[in-house]
Amino acid sequence: MKSFLCFRWGRYADNLVRSYKYSPLTFLPLTLFEQFQRAANLYFLLMVVMQCVPVISSIPFYITIFPLLIVLSVRGLKDLANDMARRRSDSEINSRPCDVLDSQSFSRAQWKDVCVGDVLRIHKDQVIPADLLLLCSSEPHSLCYVETADIDGESNLKFRQALSATHNQMTSHPSEETLAAFDGVVLCEEPNNRLYTFRGQMHWRGESLLLDNEHILLRGTVLRNTEFAYGLTIYTGADSKILRNCGKLRVKRTRMERVFNQVVIGIVLSVLLAALLLAIGAGVFSSWVMSHTGPTSALVINGNPVYTGFLIFWSYIILLSPAMPISLYISFEVIHTVHSLFIGWDMEMYWQQADRPAQARNTSLNEELGQVGYLLSDKTGTLTQNRLLFRQCCIAGEVYGDASGKAEDTEPMDLSWNPFSCGGLFMSAPSLVQKLRGQQCPISCQFLRALSVCHTVMAEWKEEAPVYQAASPDEEALVGAARELGWVFLSRTRDFIVVSELGVTRDHRRRMSVLVREPEGGLKLYCKGADLVILERLQKDCLHQERTERALELFSQACLRTLCVAVRSVPEASWEQWSKTLDQSATMVTSDRDALLEKLYDQMEIDLQLIGVTAIEDRLQEGVPETIALLQQAGLKVWVLTGDKKETAVNIGYSCKLLDPDTRLLEWQELRQILQSPDPGVTFFKARQTELWAVDKQTAEVKTALVLTGPELAEFDQRPEWGATFMRLAEQCQSVLCCRVTPGQKADIVSLVRKHTRSVTMSIGDGANDVNMIKTAHVGVGLAGVEGGQAVQNADFALSQFRFLQRLLLVHGRWSYRRISFFLRYFLFKTCGFALVHIWFGFFNGFSAQSLYETWFIGLYSVFYTAFPVMCLAFFEQDVNAESSLKWPELYRSGQRQELSTYDFQTMAVTVAMAATFTANVEISLITRYWTRLNVAAVCVSVVMFFICSRITHSTRLFKASPMDYLFLGASDRAFIDPLVWLTALLTTWTAVLPSMTALAINVILNMQDKHKVHSASSQPVELRSRLRRGASLRRSSYALSQGAGPGRLISSGTCIRSTVPTVDEQVAADNNSTDSQLQINMKNNSDAPNHA
Amino acid sequence: MVKEEKEIANRPDNTAFTQQRLPAWQPMLSAGIVIPGFVLIGLAFIGIGVALFVTSRSITVLEIDYTGVEKDSPCYKCSDADVKNCVCNLVFSIDSLFEGPVFFYYGLSNYFQNYRKYAASKDDDQLSGDLDAFTAPSDSCSPYDYNSNDKPIVPCGAIANSMFNDTFKLYRVVNGAKKLVPLDGKGIAWWTDYNVKYRNPSVTPLKNAFNNTVKPIFWPKPAYQLDASDPANNGFINQDFLVWMRRAALPDFRKLYRRITEGDYAKGLPAGNYSLTIAYNYPVLSFDGTKKVVFSNVSWMGGKNEFLGIAYLVVGSLCVLMSIVMLIVYAKFKFPEED
């Protein structure tokens, strides 16, 4: 088989996934190489090397290599563990089973055994192991359905169809033989990452057939609704489209990290400068020593002060190197990981219904969560549930249902007469049901017929009930409502229900029509669409129009999404002529075909008769208004970016408390004037002031919100200078609503905010259309909602509910930010204070780079004596409302000049070390506001460690083992019993922490005042006014049509046929109560009849 | 059942740790705690400061510079580097009883024992009695490791070489007659230095260990002859040598020379005239240094240390002062309407 094909071994990647990086041999060199790319690690390696040079070595080399080794091995182990996990998941994927054609029959194989050229059999619900060329399937026309949720996040089914040539030749039974005999040659493009295009050619039996994306089954997609499909492997493993797409994630760096990098550079520069000055001092001192005969005169190296200074420079660089926080990077990573774990562990962010905890996908952005200034939110599925409920309708001017209460509180209607009813209708209108069952009202029947036929929904049969696959949740809600009321959409079959699509359902048409030949023989056009569009196409003097429009207004006020439904009887004569013209136009391949078709459709959609209006509730997610109010109180600017219409967006804005009832909406016309005026700020201010509706003149703050639409935003591209002005205005506004924006524009808005403010931006969204903005913002949050997983795949944080955002930001974000800033500052305090002492001591020892500390203390200080409490702080610190500023411990140098002179060097070293340890631990105790047992233990352990380790390193035993390394024999024994040492350490510690202590105390006193203010402010009663503005018409009609082309083409091509479709008889049975409403609508397929004759 | 379990498979653990609800003590700071706290700490520091200061004041210190820079100084003649074996007499009087035990220090200034090259200039192996290190001293001793004839110096290094070698004799002058005050030179070094860190090679007589070595250039006598009066006080465990080898932390320092604890002087030095005979050997003028002798008694807190007491007083007062400032700030904020 394989030899038939042009494919050769070795030219193609095998189907193994290798996401691991290391092998046992390469691990060490690779990890070292990676780690030494970090400046700090390299710096320390350099220090170690320098310390091996005896002339300049001021500290023995093992003191520096000790922390370096710890850092390297922790990091290395972490990488190794990750790599092992990757290996495990790789091997799990690689050993998944699949059926490979082996000469005459299919045999079980593993994914890793699949090679290019193999013919595979894929079963229903199986994941496709490689990119395949679909040869044929078990379904008619060799159609098959795939779910691409893992690739693009869209959960609706997509179809793929085999070439008719292969379909015709290979569907014979048994298929194994014909498949085995297949000897075509496939030429395909180089492996690439374009998921939606494919170009290739198949040469088979002398024919050359063109291949495109429709013939390809991609690795990672799942076969659905199809018994089995046969495919020829064309790309395997690393060549497959999905793996080509696994590009590197754009690494987002936090500001804190940037600050930190600057600090590191600053430290390096200061160390260099200090070393330089000290070296100059050393040179001067040396020349003084040279000119005076004394005990140290002979020690000036080579008798050359300049050379001595040069060497001293390097010695000081070594001696001051502990100022460089080497373990900071690794500590940062550990802290970030722990914070991310806390986010995942939080019960309050766990969504029981979907069994989904919150997830920090990017573990390095936690502290950014505490700094967010702008929240840019998607609307549908983010603020709203994207679970649409049919709540009300208006038929012939009569309003049914009541949407004032909660959907769950609606009294359920008795629908037991309907065998297809499966619940999910939250409308109580017994009168309507009565009318429908009693055949009293033909217009109601027409209304429901329209709902059940005019859509692009596909039905799938599961357990004797139709399950609807809709491209948009609106349609699903409408078709579902029709089903509940007895108009059951069962399936599309070529023979019985053929639906003519008037055009592909594109958003800009904002309507959709279908031509139906009724059982009686009449031809009807059913049309549904946005109110504005439908209303302008109505006949003159349409019945019920006035009452229907009133109903529209009513629905809009209740924040419901509305759709108008209209009908038209089409005369046979005009239909035939129109159909002919359509056939002609449809076959044209000119560029203006679409425009021509559009015109034709317009010709048909005239003189409509209004039947009614549907009202769908797009329910707000639980807790959205509260969350938004809270975030706004926290000082966040919440913007809404939506593809929806302005009216819908504004109403959602009101209902989710983003806008207050008295908020003034500033629309484009006004905004444009303001932007064009020479002094935008003043104009803006005036515009706000002159508002008559500003009821309370006392309230200085007039609330304003900007409302923009996509096309208006496009103007910003031409006027880049408006960006800054716009942002200045926006900063004074309560909110900004951007409607009708494309995914690209969403990202542009995020970039605009990023460019013109210094705030951290956060984007939140749930759909594939939000991916752009999620990636662009500093922090991207994906809601794991109805629209599938793509937003989550690209997000830094994944939540299940919008309201979890308040916890993520206000609790975890704030904690993380505080913990990490305190951590960073403390860390720098700790290391710099530690090293600074040497500069001070330099003035007393002739700038000779003499270390004040015992070498072991240097090695152990940062790891054992001070690391645990600060890590505990970074893990557990909570409720830090007092900001204690850390200052340089200049007072380290205090006193101790003449008076300590009876001290020998070693006692002084122990005293200073003790003070350093105490200071570090007292300082952390000051910062810690949340004392868990672990914190207490950590502080105690650190201090005790100091005493124990000092005793150990100063012990006789160690001295005897290696006199050169343990010079401080007996120093701590004596020092620890000397009251003067304790008193000095106490005084030094207290003096060192006094500045931060004072800052803390002053903060406490000042904060009291703030708290008092907050308290008194919140006690004022908040008056809620009607959220509707007087005199303003608030008609909202929205119509969510599917984003992409949807299955319209497929439906109209008539190939979407299920083998298990119930017959018409079943449909009759299904609706035995009202024969009139049976869907025995026999009609002619207009547009595609010639194509599929 | 299985399904139910599956449904909550991802449910986070509800433990105090994962939910960040570990029991914790959260110190609730308020002005009511902070200000009195500052006052209390301030008062405590002032208390300690007063105690230290008073203790320090009770300590009597007598310092006499004998560098001999001034012409009328008794040691002026000795300050000339060319004068060898010079002896000078320092006469001083004590008005009232100098309470004992009295410690007798010598002090040097502008002397950098903490200079890194100086500090490293010794061989610890040699000083712990390792005979291999006698024949081949460590590089760290350079240039005091070998003499010009390439003979190893023992003890090597700059510290040992620069050992202080002035000697003192204290006489009490009673009716014109000089009466020697006994000085106790035992136990003036650290116990660990004497017993652990510094060891003589186990060779008897000690002199043999020093065969084929030379004494430090600056020394008048080899290490095994440091104390002629007491054979046990020789070599590396000579008390004066140990005191010298324990480097000072700062360039102005004093080191213990003797204690005055014996006989009539156990209670202290009685009032009267004293004469200190100094064998002036150690040159300090070449590096602008000074030499002095210090008599001092000690308290529980060691020697006289007025700075620590004053520092405590200053810091304590600062705390109290700050608490007053805070009180004013607090009052201003709490009753802003009244202002």
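Every value quoted in this text rests on a predicted model; they were computed, and no experiment measured them.

## Side note on the side chain of T757 of chain A
All names here are of chain A. Mapped onto the elements, T757 comes out in the loop between α24 (743–756) and β28 (760–765). One polar contact links the side chain of T757 to the main-chain carbonyl oxygen of V753, over a distance of 2.8 Å. Apart from residues lying up to four places away in sequence, T757 is in contact with Y374, M727 and E731.

## Section: the environment of L665 of chain A
By secondary structure assignment, the location of L665 of chain A is in strand β25 (residues 664–666). Spatially, the C-alpha atom of L665 of chain A lies 9.3 Å from that of V736 of chain A, the residues being 71 residues apart in sequence.

## Side note on the pairing of strand β3 (residues 86–94) of chain B
Residue and element names in this part refer to chain B. Side-chain alternation along β3 places C86, C88, L90, F92 and I94 on a buried face and V87, N89, V91 and S93 on a face that remains uncovered. Direction of pairing for β3 relative to strand β10 (residues 272–280): antiparallel, over a ladder of nine bridges. Bridging across to β10, V91 finds its partner in S275.

## Here's the deal with the UniProt feature "transmembrane region" (unreviewed entry) in chain B
Residues and elements named next belong to chain B. Annotation from UniProt places "transmembrane region" (unreviewed entry) at residues 33–54 and 310–331. As annotated, residues 33–54 comprises 100% helix and 0% strand, and the C-alpha atoms at either end are separated by 31 Å. Secondary structure across residues 310–331 divides into 100% helix and 0% strand, with the first and last C-alpha atoms of the span separated by 31 Å.

## Focus: the confidence of the model for chain B
Mean pLDDT over chain B stands at 85; residues scoring 70 or higher make up 96%. Every residue in residues 1–6 of chain B scores below 50 in pLDDT, and together they form one contact with partners more than four places removed in sequence or on other chains.

## Describing the environment of D239 of chain A
Residues and elements named next belong to chain A. One can find D239 in the loop between β12 (228–235) and α7 (241–245). For D239, a relative accessible area of 10% puts it in the buried group. Those residues within four positions of D239 in sequence are excluded, and the remaining contacts are Y12, A13, P191 and R244.

## Details of the packing of aromatic side chains
Under the defined criterion, the tally for this structure stands at 49 aromatic pairs over all chains. Seen from their ring centres, W345 of chain A and F17 of chain B are 5.8 Å apart, and the 55° between their planes marks the pair as tilted. Here F17 of chain B lies in the loop between α1 (2–7) and β1 (24–25) and W345 of chain A lies in helix α10 (residues 328–345), a pairing that spans two chains. Owing to a relative accessible area of 26%, W345 of chain A belongs among the partly exposed residues under this scheme.

## Some remarks on the sheet that holds strand β13 (residues 359–360) of chain A
All names here are of chain A. A sheet is described by the order of its strands in space; here nine strands give the open sequence β13-β30-β29-β28-β14-β24-β27-β26-β25, paired in mixed fashion. In this open sheet, the two strands that pair with only one neighbour each are β13 and β25. Bridging between strand β14 (residues 372–378) and strand β24 (residues 637–641) involves five bridges; their strand directions are parallel. Pairing of D378 across the sheet is with L641, part of β24.

## Things to note about the sheet that holds strand β9 (residues 207–212) of chain A
Residue and element names in this part refer to chain A. Within the open sheet, the three strands sit side by side as β7-β8-β9. Their pairing is antiparallel. Because the sheet does not close on itself, it has two edges, and the strands there are β7 (185–188) and β9. This sheet shows a mean twist of 20° between the axes of neighbouring strands, independent of strand direction.

## A closer look at the nonpolar core
In this structure, F168 and W244 of chain B are the most contacted members of the largest nonpolar core, which totals 160 residues. Sorting elements by how many residues they give to this core places helix α27 (residues 804–842) of chain A first, with 15 residues. Counting residues in each nonpolar core, the second largest holds 41 residues, with V638, I764, L799 and L808 of chain A among its members.

## Description of the pattern of salt bridges
All names here are of chain A. What the rule picks out here adds up to 19 salt bridges over all chains. As a salt-bridge pair, E189 and K241 come within 3.9 Å of each other at their nearest N and O atoms. Linking E189 in the loop between β7 and β8 (199–204) with K241 in helix α7, this pair joins segments that are 52 residues apart in sequence. Here E189 matches K241 in class, with each residue buried.

Calculation rules
- Residues numbered from 1 in each chain as written.
- Chains lettered and ligands numbered in written order.
- Predicted model: local features only at pLDDT ≥ 70, side-chain atom pairs only at ≥ 80, totals over all residues.
- Heavy atoms only, no water.
- Helix = DSSP H or I, 4+ residues; strand = E, 2+ residues; numbered from the N terminus.
- Polar contact = N/O pair within 3.5 Å; in protein donor to acceptor, adjacent residues only side chain to side chain.
- Contact = heavy atoms within 4.5 Å.
- Buried < 20%, exposed > 50% of the residue type's maximum accessible area, 1.4 Å probe, protein only.
- Pairing = 2+ DSSP bridges.
- UniProt positions renumbered as here; feature names shortened; annotations may be inferred.
- pLDDT = per-residue confidence, 0-100.
- Phe/Tyr/Trp six-rings, centres within 6.5 Å; stacked < 30°, edge-to-face > 60°.
- Axes fitted to C-alpha atoms, helices over the stretch in contact; angles between N-to-C directions.
- Core = buried A, V, L, I, M, F, W, Y, C linked by side-chain atoms within 4.5 Å.
- Salt bridge = Lys/Arg side-chain N within 4 Å of Asp/Glu carboxyl O.

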